[in-house]
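Examining the three-dimensional arrangement
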Amino acid sequence: MIDLDTIVSLCKRRGFIFQSSEIYGGLGSAWDYGPLGVELKRNIKNLWWRDNVHLRDDMVGLDAAITMHPKVWEASGHVGHFADPFTGCGDCGRYYRADHTASAVVESKWYQAVKKALAGPSGQKDPEKAVCNWAQSDGKKLAPNLPWVKNPNEPAGPLLDLLAKSAPLHACPSCGGRLSDPRPANLMLHTLLGPVEQTALKVYLRPETAQGIFVNFVNVAQSTRKKLPFGIAQVGKAFRNEITPGNFTFRTREFEQMEIEYFCMPGTDEEWHQRWIDERFAWYPKYGIRKENLRQREHAKDELAHYAKRTVDIEYLFPMGWSELEGIANRTDYDLKQHAQFSGQRLTYFDEEKKVHIVPYVIEPSGGADRATLAFLVDAYTEEQVRGEKRVSLRFHPEIAPIKIAVLPLLRNRPDVVETAHRVCDDLRRTWMSVYDDTAAIGRLYRRQDEVGTPFCVTVDVQTVGDKEKGETDDQKVTVRERDSMEQIRVPIADLPSCMRECMDGRWAEAKRRHPAQPVKE
């Protein structure tokens, strides 16, 4: 598995993701999607919307406001329950989620350094002396506030016992300092609506998109005349005042959700829940995520949200370990009943056959667009040796790739070659995201497109346009190169749209059978 720093470096270098406000030193956990990143993320969102809304008869969409009436969040339970326990370091001032500190310590640089020191020859011979030596050398830089570093006379026995048992240390992952007792912290961000602060209305930036769907349930049901079961989908921004944001775009305070609230008859909820678990688990491999990097995790009863009957997470093997990619929850009828109680409005579905009002149960598949983007990036990253040199490529599914086709002139000093390449690119971009590039030699251009995940390159050369001086006629053909295999075929310009459509559908082998192969020169 590739490390996260490599992905972060690639994202900045190639224009996928930048640190927000970088010229001012940046803002913690805030990221800006660059030219390629915005295309990649948009493709993921569009595919999600197409597969879950456009290709289904039982789904419709919604785009609710970010700021809503404050009572929405009282009814949903967010004001009273949406909090995480946090702890702080009295020495360095950093804060952590209390339930994440143990794993953060184990992953910290100073903890790993102590383990390494103990695994060495001196550590095997005299563990306590090895700890003391580490404390007075590397320990001063890595964990200056760890008791055994601050006080050389502190017995190392307790530390050794904890390390031997792999028991959690109640210490700061950053500096080794003492942590405070856990206390709750509300995760909702708020702002004021109104020109005068004293009379302005305090509202929350929504921590999830789901509540906008619930409060519009009757509006949507009546206007669309949908019968149960049916779902409402929404893609939009959400905000959470995370205690310990981090791991690049995995955990941020501003993020984008892709959520569905699927309304069904009580008694059918468990069946629909399992169907949505299966459908969502199959969606990611469909677009390139390797199955071995995905798993399902059932929530234990003591970790279920206050509204949930059952929840299953789809987890992905990120560089920092297995972590949630999407959650599918059975929310029962909790939300509709809560909003009906707080608003005084009837939020029910009228069954025409039975002539009764029903409060539907709700199944919620909830994924993050940012986490999905990160997962597709990590999973696509590939390194290999080609003729003694490292080749980096992002093996995106064609529908995910930010650029579908790159058109490259073999000779940029030949006006007829350049003109033909521009014409070919203009024709292709009517259907696919295509770019023209002549800023380097052809081999370097191929590597550049490999690194940003472009599945196909189209090269216009002298043979395409002919050479009058040498008496060579044009063949009006271009070379099409496939990213993963680096194989090349020669295709008539007139046949290029149909050939590219075939290639985008994953039928490269068929395209090879119909068009002559070219020798690979890279």
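Up top you'll find the structure we're talking about.
To keep things clear, this report deals only with the structure shown in the data block. (Residues numbered from 1 in each chain as written. Predicted model: local features only at pLDDT ≥ 70, side-chain atom pairs only at ≥ 80, totals over all residues. Heavy atoms only, no water.)

Take the pattern of salt bridges next. Tallied over the full model, the rule gives 47 salt bridges. The salt bridge partner of Arg13 is Glu451, with a shortest N-O separation of 2.5 Å. Within this pair, whereas Arg13 is found in helix α1 (residues 4-13), its partner Glu451 is found in helix α18 (residues 442-452), the two being separated by 438 residues in sequence. Owing to a relative accessible area of 47%, Arg13 belongs among the partly exposed residues under this scheme. Judged by relative accessible area, Glu451 falls into the buried class, the value being 10%. Overlapping salt bridges, with partners in common, bring together Glu384, Arg391, Arg395, Arg447, Asp450, Arg481, Arg483 and Asp484 in one network. (Salt bridge = Lys/Arg side-chain N within 4 Å of Asp/Glu carboxyl O. Helix = DSSP H or I, 4+ residues; strand = E, 2+ residues; numbered from the N terminus. Buried < 20%, exposed > 50% of the residue type's maximum accessible area, 1.4 Å probe, protein only.)

On the basis of which strands lie adjacent, the open sheet formed by six strands has the order β20-β19-β21-β22-β23-β24 and mixed pairing. The outermost strands of the open sheet, each flanked by one partner alone, are β20 (434-436) and β24 (517-518). Taken together, the five bridges between strand β19 (residues 405-409) and strand β21 (residues 456-460) define a ladder with parallel strand orientation. Across the sheet, residue Pro409 finds its bridge partner in β21, namely Val460. (Pairing = 2+ DSSP bridges.)

Below, the discussion takes up the packing of aromatic side chains. This structure, assessed with the given rule, holds 16 aromatic pairs. Between Phe217 and Phe263 the ring centres are 4.6 Å apart and the planes differ by 40 degrees, which places this aromatic pair in the tilted class. With Phe217 in helix α13 (residues 217-224) and Phe263 in strand β10 (residues 254-264), this pair connects stretches of sequence that are 46 residues apart. Judged by its relative accessible area of 0%, Phe217 is buried. Aromatic side chains Phe250 and Phe318 sit 5.1 Å apart centroid to centroid with 70 degrees between the ring planes, which places their arrangement in the edge-to-face category. Note that Phe250 is positioned in the loop between β9 (230-239) and β10 and Phe318 in strand β12 (residues 310-318), a separation of 68 residues in sequence. On the basis of relative accessibility, which here comes to 1%, the residue Phe318 falls in the buried class. Among the aromatic side chains, those forming a connected cluster through ring pairs are Phe214, Phe217, Phe230 and Phe263. We note Arg331 situated over the ring of Tyr307; from NZ or CZ to the ring centre the distance is 3.8 Å. Here the guanidinium or amino end of Arg481 rests over the ring plane of Tyr446, the centre of that ring lying 4.4 Å away. (Phe/Tyr/Trp six-rings, centres within 6.5 Å; stacked < 30°, edge-to-face > 60°. Lys NZ or Arg CZ within 6 Å of the ring centre and 35° of its normal.)

A few words now on the pairing of strand β23 (residues 488-492). Within β23, four of the five residues are buried, which leaves the element mostly enclosed by the surrounding structure. Here strand β22 (residues 477-482) runs beside β23; their pairing, made up of five bridges, is antiparallel. Pairing of Val478 across the sheet is with Val491, part of β23. Adjacent in sequence and paired antiparallel, β22 and β23 are bridged by five residues, among which Met486 carries a positive phi angle near 65 degrees. The pairing of β23 with β24 spans two bridges and is classified as antiparallel. Along β24, the bridge assignment pairs Ile489 with Ala517.

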